[in-house]
Every structure is written in C-alpha cells, then in structure tokens.
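# Coordinate inspection notes
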Amino acid sequence: MRPLKTQVSVQKTRVPSALLLGAAKHGLLLLLAAVILLPFVWMLLAAVKNPADIFSEPFSLDPAKLHAAENFGKALTAAPMGLFMFNSLVVVFGVLSVQLITSIGAAYALAQMKFRGQRLLFGLVLFALCVPVQVPALPLYIALAKLGLLNSYFALMFPWFFSAFAIFLFRQHFLTFPQEIINAARIDGFTEIEIVLRLVVPSAVPAIAAFSVFSVTAHWNDLYWPLIVINVTDKMTAPLGLLNFQSAEGASYGPLMAAATIITLPLIGLFLLARRYFVEGVTMTGVK
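For the structure given in this document, a descriptive report is provided here. Everything quoted here is computed from the prediction, not taken from an experiment.

The rules behind the values
- Residues numbered from 1 in each chain as written.
- Predicted model: local features only at pLDDT ≥ 70, side-chain atom pairs only at ≥ 80, totals over all residues.
- Heavy atoms only, no water.
- Core = buried A, V, L, I, M, F, W, Y, C linked by side-chain atoms within 4.5 Å.
- Buried < 20%, exposed > 50% of the residue type's maximum accessible area, 1.4 Å probe, protein only.
- Helix = DSSP H or I, 4+ residues; strand = E, 2+ residues; numbered from the N terminus.
- Contact = heavy atoms within 4.5 Å.
- Axes fitted to C-alpha atoms, helices over the stretch in contact; angles between N-to-C directions.
- Parallel < 35°, antiparallel > 145°, perpendicular 65-115°, else oblique.
- Nonpolar A, V, L, I, M, F, W, Y, C, P; charged D, E, K, R; others polar.
- Expected span 1.5 Å × (residues − 1).
- Arc of directions from axis to C-beta.
- Phe/Tyr/Trp six-rings, centres within 6.5 Å; stacked < 30°, edge-to-face > 60°.
- Lys NZ or Arg CZ within 6 Å of the ring centre and 35° of its normal.

Turning next to the nonpolar core. Core analysis: the largest hydrophobic core is formed by 57 residues, its most contacted members being Phe 170 and Phe 174. When residues of this core are assigned to their parent elements, the largest contribution, 12 residues, is made by helix H3 (residues 81–112). Apart from the residues within four sequence positions on either side, Phe 170 is in contact with Leu 100, Ser 103, Ile 104, Ala 107, Ala 207, Ile 208 and Phe 211. Listed in part, the 5 residues of the second largest apolar core include Leu 110, Phe 122, Val 125 and Ile 167.

On to the packing of helix H9 (residues 192–203) against helix H10 (residues 205–220). For any two helices packed against each other, one specifies the crossing angle of their axes together with the interaxial distance. With their axes 5 Å apart at the nearest point, H9 and H10 run at an angle of 65° to one another. Regarding the angle of H9 to H10, the classification is roughly perpendicular. The segment H9 lies against H10, with Val 201, Pro 202 and Ser 203 engaging Val 205, Pro 206 and Ile 208. Across the contact of H9 with H10, the residue classes tally to 5 nonpolar, 1 polar and no charged.

So, about the environment of Phe 154. With respect to the helices, strands and loops of the structure, Phe 154 is situated in helix H6 (residues 153–157). Looking at Phe 154, the relative accessible area reads 36%, which means it is partly exposed. Excluding residues that lie within four positions of it along the chain, Phe 154 makes contacts with Leu 144, Leu 149 and Phe 161.

Helix length check: H9 (12 residues) gives 16 Å between terminal C-alpha atoms against 16 Å at 1.5 Å per residue, within 8%. The complete set of buried residues in H9 reads Ile 195, Val 196 and Val 200. Projected onto a plane normal to the axis of H9, the buried residues spread over an arc of 95° and lie on a single side. For H9, exposure combined with an orientation more than 90 degrees from the buried face picks out Ile 193, Leu 197 and Arg 198. Where H9 is buried, its residues touch H3, helix H7 (164–174) and helix H8 (179–187).

What follows covers the packing of aromatic side chains. Under the criterion given, the structure shown has 8 aromatic pairs. For the pair Phe 154 and Phe 161, a centre-to-centre distance of 6.2 Å together with 70° between the ring planes defines the contact as edge-to-face. Ring geometry for Phe 165 against Phe 214: centres 5.7 Å apart, planes inclined by 90°, an arrangement best described as edge-to-face. Here the residue Phe 165 occupies a position in helix H7, and Phe 214 occupies one in helix H10, the gap between them amounting to 49 residues. We classify Phe 165 as partly exposed; its relative accessible area is 33%. Grouping aromatic residues by their ring pairs yields a cluster made of Phe 165, Phe 170, Phe 174, Phe 211 and Phe 214. The ring of Tyr 153 has Lys 235 lying over it, and the distance from NZ or CZ to the ring centre is 5.2 Å.

Right under this line is the structure:
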C-alpha cells in the first residue's frame with residue numbers, strides 16, 4: 001500500500017505544478033501581448049483626444065474632452081488620404097498578383113519536377129533571401145530613371161515582382177502534396193499547368209493566404225522604396241502620404257494619429273478575415 005500512496009501523492013504534487021507552469025506561461029504571453037499592443041492603444045487614445053492633452057494625460061479618457069470628430073475630419077481633409085490609400089491598394093494587390101503567378105509556378109517546379117540544376121536554382125532562391133533590399137535599390141532606381149518610369153505604379157511595384165520568400169514558402173508546402181496523385185494526373189493526361197491550377201493550388205490555400213498577409217502588410221507599410229521613386233502627390237502611397245501629412249501638420253499629434261489609425265485599419269481587417277488560414281498556413285508549411 002505504501003508505493004500506491006506514494007504514487008498518488010506524487011500525482012497530486014504534479015497537478016499544482018502543471019497549473020502553476022501553465023499560469024506562468026499565460027502570464028508571460030499576456031505581458032508580451034500588452035507590450036506589443038501598448039503603442040496601438042496610445043495611437044487610438046491620441047486619435048480621439050485633444051492634442052493638448054495627449055502628453056499631459058496620455059492614458060486618461062475624459063468623454064468631455066474628446067476631439068475624435070475634429071481629428072479624423074482634419075486627417076481626411078488636410079491631405080488626400082483616400083487617394084493615398086487607393087494608391088496603396090493598387091500597389092499591394094498588383095504586387096501580390098504577380099508574385100503569386102511567378103512564385104507558384106517556380107515553387108511547383110522546384111518541389112515536384114526533376115531537372116538539371118534544380119538544387120542550384122533552389123540554392124539561388126535561398127541566397128536571394130539573404131540579400132537586403134538596399135543592395136539592388138540604386139541599380140533599379142537608375143534603370144527606372146533612364147526609362148522614364150519614375151513616379152508611376154510600375155516603379156512602385158517592379159522590384160517586388162519576384163519573391164524568394166514566396167517561392168521558398170510554397171515549395172515547402174508543395175513538398176507535402178502526394179506524388180502519387182500528381183503521377184496519376186499525368187497518366188490521365190493532365191498538363192503540368194492543369195495539375196498546378198486544379199490540384200496543387202486548391203490544396204495550398206492556407207499557405208497562399210499566409211503569404212498574402214505577409215506580402216500585403218509589408219508593401220502597405222513600405223516607406224523606403226516609395227520615398228525613393230515617388231515625388232508627386234498623385235502617386236504617393238499611404239505611409240509616404242502620412243509622412244507628407246506629418247510635414248504639413250507639424251506637431252499636431254491628434255490628426256496625425258487619426259491618419260495613422262485610418263491607414264492601419266485595413267491591415268487589421270485583412271488579418272481578422274484571413275487569420276484562420278494564416279495560422280494554418282504558417283503552422284503546416286514545411287511539415288512533410
């Protein structure tokens with residue numbers, strides 16, 4: 001009986017330890033989440049407060065002192081925010097469309113087809129992941145300037161038509177697709193394009209959704225490249241327009257934070273719509 005009692009006591013001891021460990025993990029995650037969300041909370045509070053109270057009472061919210069209508073109204077009228085966001089929409093969806101067309105075909109070839117130089121090409125893709133965007137920026141700028149393509153949508157989108165990250169992500173996902181199904185489709189007379197469009201792509205919706213969130217977020221928030229190739233208001237994207245708005249408004253943080261809130265909301269909505277596919281795509285990609 002003594003060994004049985006000892007086993008029961010050990011189990012009783014392990015249960016509180018597991019609960020404490022779980023509580024500590026969740027507490028740490030909540031703390032990290034609070035640190036990450038704090039700037040967004042401050043942005044929202046500053047967007048609806050009187051600019052004079054933003055720094056004196058940063059986290060107080062007195063309904064009698066709210067200036068939400070004034071701040072958002074000024075953000076929408078002092079600069080063409082609608083035009084800036086439209087330009088960003090054109091750029092992000094134009095880039096995403098070309099990236100999907102080029103990357104899915106390349107990833108399928110690297111994952112499911114056998115040809116000479118396959119490993120070398122995949123090695124070059126991995127090498128491209130290590131090259132920062134600042135390296136080809138100057139040659140691209142000179143080429144676009146000589147062709148007279150600056151201050152255009154094409155200039156904003158062209159450097160991102162090839163995505164090494166997309167090829168790598170899709171290749172890892174396509175490796176999990178059963179080779180037997182592809183061989184059977186070839187025997188049935190399917191062309192490689194039909195196999196990709198009718199079999200492989202429908203199975204890769206989570207990976208495509210995950211990459212789409214990454215791509216749209218990166219190019220919606222991009223300030224570096226638009227700042228180089230755009231110097232006219234008509235083609236400014238949302239971050240560049242926000243920078244222009246900041247220069248015009250000076251230190252008026254209420255309207256500035258309202259403008260920042262306006263250009264952030266589409267990204268939050270996109271993530272909420274695609275969050276299930278996003279999490280599934282990130283967690284399942286690469287599991288073979």
